[in-house]
Amino acid sequence: MRTTTTGLLVLGVAGGLLSACSTLVEIYPPRHTAECEPATAQWPSKAGGQSARGVDPNGGVKADAAAWGDPAIIATCGWPALGPTDKECLDVDGIYWVVEPLSDGVRFTTYGREPAIEVLVPHAYAPEPLLLPAFGPAAKALPTNGRKCD
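**Things to note about the state of the cysteines**
Part 1 of the argument: Inspection of the entire model under this criterion finds 2 disulfides.
Part 2 of the argument: Disulfide pairing places C36 opposite C77 at an S-S distance of 2.1 Å. Across the disulfide from C36 to C77, rotation about the S-S bond amounts to roughly -85°, and the bridge is consequently left-handed. Remark: C77 occurs in strand β5 (residues 73-79) and C36 occurs in the loop between β1 (24-27) and α2 (37-40); sequence separation between them is 41 residues. An identical accessibility class is assigned to C36 and C77; each is buried.
Part 3 of the argument: Note on cysteine connectivity: C89 is disulfide-linked to C149, with sulfurs 1.6 Å apart. Measuring the twist about the S-S bond at about -40°, one finds the C89-C149 disulfide to be left-handed. Of this pair, C89 sits in strand β6 (residues 89-92) while C149 is found in the segment after α3 (136-140), placing the two residues 60 residues apart along the sequence.
Part 4 of the argument: Since its relative accessible area comes to 26%, C89 is described here as partly exposed.
Part 5 of the argument: If you count the bonded cysteines of the protein chain from the N-terminus, they pair up as 1-2, 3-4.

Definitions and cut-offs
Residues numbered from 1 in each chain as written. Predicted model: local features only at pLDDT ≥ 70, side-chain atom pairs only at ≥ 80, totals over all residues. Heavy atoms only, no water. Disulfide = S-S within 2.5 Å. Helix = DSSP H or I, 4+ residues; strand = E, 2+ residues; numbered from the N terminus. Buried < 20%, exposed > 50% of the residue type's maximum accessible area, 1.4 Å probe, protein only.

Rendered as structure tokens:
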């Protein structure tokens, strides 16, 4: 199941970065879920010093997604919570984030939150983990499932 999510996110990164020159950022997020509403109400007004941009969810479905800057930093909510993992995990202000390097940036996924938030950060904003505090309020709005980084 995680393989499918990863495949969609890689497409989301590619779509978001390739369409960064247009007005709206094309994304491939999960469908809207009511559990994300408290989190998305807390999306930051700026991320990495970049202002928010409009998003165009693939298929025009309502989605819990936002974007900032050019190239786009993309945040989505509604992903299945991660199970146990041996991937790098960071504790940023009490929020755990699993780190996955991508060819053109880094994917950060909340760990111990259900549903999960994923933040895609292009290498242009390196060091990428410095953007995570902006997403802390959104992540804290999601219920915990008891998992913590070791």
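Resuming the write-up.
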